[in-house]
Amino acid sequence: MNKTFDQTKSDQRPVRRTEAKEVRRSQLIDATIASIAKHGIRGTTMSTVTETAGLSLGIVNFHFKSKQNLFEETLVFLAREHHDEWTKAYAAAGDDPKAQLLAIVDSHFTRRVCSRKKLAVWFAFYGEAARRVVYRSLIDDMDDDRFDRSKELCSKLAADSDQPTMPPEIAAKTLEGLYDGLLLNILMYPTLFDRHEAKKQVHAYLASVFPKHFDMPEF
């Protein structure tokens, strides 16, 4: 009986250690997001991260090899978060191309993804000229997945349209440009733009390109 009890305790210890490690990593990434949003890339140091997280410098050095490694893990975290957001919405949309495309569009403007703090971090990374190629290489596959899916859906909608439409690849590329521009507006002009209005503007674009499938929203 005692042996079984000891084995059960032993089996649980690695799970607890793993969970504790993931909690610490999550705390440090959250603190990095907060620090970059407040201080920018250049102003963020291991000290600002640990101070924000309420953890010791030794903890961050244990979980991340360097500040650059921490930055890269933070960027990948944000990219995966958005990827998870749109893929789950896409899967829940069924087989209707219109609903699937709207799921991808709307995922850019959810409360979880479209916070000004996270947007500040995204654009801080985009502004890092010296590291931009490295940063892009970390998330290009996830971005390509979304673009390819959007282009495929635009192709289906174009094939089912009553009149000539914009070429599907151009329609999908324009969507990508709209996301970036509108998200930057939300960050830069918080009293003039919000995520709800931004989403409606993308819906208006879709209504102009695919009038058979999308209704023009009211503004």
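First things first, this report covers the structure right here in the doc. Since we're looking at a predicted model, the values are computed, not measured.

Rules and cut-offs
- Residues numbered from 1 in each chain as written.
- Predicted model: local features only at pLDDT ≥ 70, side-chain atom pairs only at ≥ 80, totals over all residues.
- Heavy atoms only, no water.
- Helix = DSSP H or I, 4+ residues; strand = E, 2+ residues; numbered from the N terminus.
- Rg over C-alpha atoms; globule rule 2.2 N^0.38 Å.
- Buried < 20%, exposed > 50% of the residue type's maximum accessible area, 1.4 Å probe, protein only.
- Contact = heavy atoms within 4.5 Å.
- Areas by Shrake-Rupley, 256 points an atom, 1.4 Å probe, with all protein chains shown as cover.
- Polar contact = N/O pair within 3.5 Å; in protein donor to acceptor, adjacent residues only side chain to side chain.
- Bend = angle between axes of the 7 residues up to and from the residue.

Summing up its helical and strand segments, the protein chain has nine helices and zero strands in all. Listed by position from the N terminus, the elements making up the protein chain come as α-α-α-α-α-α-α-α-α. Since a compact globule built from 219 residues should have a radius of gyration of about 17 Å, the 21 Å found for the protein chain marks it as more spread out than a globular shape. Over its C-alpha atoms, taken along the principal directions, the protein chain stretches across nearly 75 × 50 × 30 Å. Buried positions account for 39% of the 219 residues belonging to the protein chain. When contacts within the protein chain are restricted to residue pairs at least 6 apart in sequence, those whose partners lie at least 24 apart make up 67%. About 12400 Å² of surface is accessible on the protein chain, with carbon and sulfur atoms providing 52% of the total.

What follows covers the environment of Tyr-90. Assignment of secondary structure puts Tyr-90 in helix α4 (residues 67-92). Sequence separation between Tyr-90 and Gln-68 is 22 residues, and the spatial gap between their C-alpha atoms is 33 Å. Setting aside chain neighbours within four positions, we find Tyr-90 in contact with Gln-100, Ala-103, Ile-104, Arg-149 and Leu-153.

A word on the side chain of Ser-161. Summarising the element assignment, Ser-161 is placed in the loop between α7 (132-159) and α8 (168-188). Exposure remark for Ser-161: the relative accessible area of 19% places this residue in the buried category. Within polar-contact distance, the side chain of Ser-161 engages the backbone oxygen of Leu-157 at 2.7 Å. Sequence-distant contacts of Ser-161, defined by excluding residues within four places in its chain, comprise Phe-210, Lys-212 and His-213.

Attention now moves to α7. One turn of the α-helix equals 3.6 residues, which is why residues spaced by three or four share an orientation. The sharpest bend along α7 comes to roughly 55 degrees, located at Ile-139. If you check which residues of α7 are buried, you get Tyr-135, Ile-139, Met-142, Asp-143, Arg-146, Phe-147, Ser-150, Leu-153, Cys-154, Leu-157 and Ala-158. The secondary structure elements touched by the buried residues of α7 are α4, α5 (97-107), α6 (116-126) and α8.

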